[in-house]
Amino acid sequence: METKNKICNALNPVAICRKYEVSLWQCPQFLFLIMGFVILVAILAVYFLGTERIKDPTIISLLVIGITGFLLLVSFVITSSLEHLADASRMKTEFINIVSHQLRAPLTNLSFSLDFLTSQAVPQSEASCEEYYVILKENTQRMGDLIDNLLTVSRIATGKFPLKKEDVSLGELMDGLLNKFKPFISASNIEVDFQKDPNLPKVNGDRLWLEQVIENLLDNAIKYTKGGGAIAIKLKQRNKKIYFEIKDTGVGIPKEEQRFIFERFFRSKNALKEQTRGSGLGLHIVKKVLELSGGKIWFKSKEGTGTTFYFTLPIKRQ
Amino acid sequence: MKKILFIEDESALQKSMGDSLRREGWEVLSALNGEIGLRQAKTECPDLILLDLILPKMDGFEVFRELKKNKETVNIPVIVLTNLEQMEDVEKALELGAKTYLVKANYTLSEVVSKIKDILK
């Protein structure tokens, strides 16, 4: 019985495709079956038409050309579906490389700090212990954050990412964040200019996630404007949308890397040169949250000059 | 007193490793990126360099190649301490002349210290 089931499953492309978690029209097994079926029907039909119905060889030739064209189209779909699978496999490899490295770094910090604390022959002064407790706390947090980001990305990918609908004032969010980042901004020697239209309407979205979106964009702008610079933030109303702009004078994104910037796990060479920490998930999450909230994000960047990120979000309907 | 240059961008690691090395009675110089590390190697002439590979500004391999080009730094023993564990990275580092290649996740702090002791002997 079990072997019979196994054979049935092996011959059932729908079951295989479900196992691979790809839709039928992206699944090579299913598409091959369809193509085989089309070829058989086409051969039989042309044979039947050629012998019984149509005497004019030109029409038969045209028919064959038409069918061949269709088959070419199907094989193109199959090839691109294979590309999709190859892409998924590449993502998995990158995932393992990045996750293992980004998790190992804080893990090493934790284990080496614990090694030091527990190997004390001479008791440490309280002040020195305190520094180690801060390290333990920060690195535990870092691992937790990475795991949270991975779960978010996975929820987004599987469509299980619920966002709340609340009235949110982006201006207030921005003020709060600028206050929170004040020490980081002045330590980085950066001038921030924030301009907002008076009486900006609210947007309808998930407060916590929209705050994360702005925080991420602000954090990037500060992080990649090394050695001082300026950040200009604008918040405006444009038709039925709220328009947000954040411009930095940072390292910029090289042209050839710009198309990958919202991809999961992607990190630009320039970013890596400034900051080795980072999972390459932040901007991917930012884009998805904005899109799921009915908004749009885009950017302009020039290497060595700076980057400007823009997004729009629909205004809350009265 | 032996002088050790530790090129590593994780400040937490600079702290725990630095404290353990100082406890052994060695002087420790910390460099948080490749550029500073290379500069310190040239000016301070350390007895040993502990080198991470993923570094801001200038990665560990670049630093290593520069060290080998320079007359004053070519003979300083280098221990690579990293979380990269792909065979090609290990081979590349050993080819450049690394005394030993340690994957952080596979060693405890005291094991790293004893490796350093062996080389400084």
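Residues numbered from 1 in each chain as written. Chains lettered and ligands numbered in written order. Predicted model: local features only at pLDDT ≥ 70, side-chain atom pairs only at ≥ 80, totals over all residues. Heavy atoms only, no water.

With that out of the way, let us pick up the overall build of chain B. Broken down by element type, chain B carries five helices and five strands. Sequence-ordered secondary structure for chain B, helices as α and strands as β, is β-α-β-α-β-α-β-α-β-α. The C-alpha atoms of chain B give 13 Å as radius of gyration, which agrees with the globular expectation for 121 residues (14 Å, within 12%). In terms of overall dimensions, chain B has C-alpha extents of about 30 × 30 × 25 Å along its principal axes. In chain B, buried positions account for 56% of the 121 residues. Expressed as a percentage of contacts within chain B between residues at least 6 apart in sequence, the contacts between residues at least 24 apart total 60%. Within chain B, one finds 18 positive and 21 negative side-chain charges whose respective centroids are separated by 6 Å. (Helix = DSSP H or I, 4+ residues; strand = E, 2+ residues; numbered from the N terminus. Rg over C-alpha atoms; globule rule 2.2 N^0.38 Å. Buried < 20%, exposed > 50% of the residue type's maximum accessible area, 1.4 Å probe, protein only. Contact = heavy atoms within 4.5 Å. Lys, Arg positive; Asp, Glu negative; His and termini not counted. Charge placed at Lys NZ, Arg CZ, Asp CG, Glu CD.)

Moving on, we get to the packing of aromatic side chains. In total, this model carries ten aromatic pairs over all chains according to the counting rule given. Aromatic side chains F161 of chain A and W209 of chain A sit 5.1 Å apart centroid to centroid with 70 degrees between the ring planes, which places their arrangement in the edge-to-face category. Of this pair, F161 of chain A sits in the loop between α5 (126-157) and β1 (166-168) while W209 of chain A sits in helix α7 (residues 207-223), and the two are 48 residues apart along the sequence. Residues F161 of chain A and W209 of chain A agree in their burial class; the two are buried. In this structure, K296 of chain A packs its charged tip against the face of W298 of chain A, placed 5.9 Å from the ring centre. Between the NZ or CZ atom of K92 of chain B and the centre of the ring of F61 of chain B, over which it lies, the distance is 4.2 Å. (Phe/Tyr/Trp six-rings, centres within 6.5 Å; stacked < 30°, edge-to-face > 60°. Lys NZ or Arg CZ within 6 Å of the ring centre and 35° of its normal.)

Looking now at the UniProt feature "domain: Response regulatory" (unreviewed entry) in chain B. In this structure's numbering, the residues bearing the UniProt feature "domain: Response regulatory" (unreviewed entry) are residues 3-119 of chain B. For the annotated span residues 3-119 of chain B, helix accounts for 47% and strand for 20% of the residues, and the straight-line distance between the end C-alpha atoms is 13 Å. (UniProt positions renumbered as here; feature names shortened; annotations may be inferred.)

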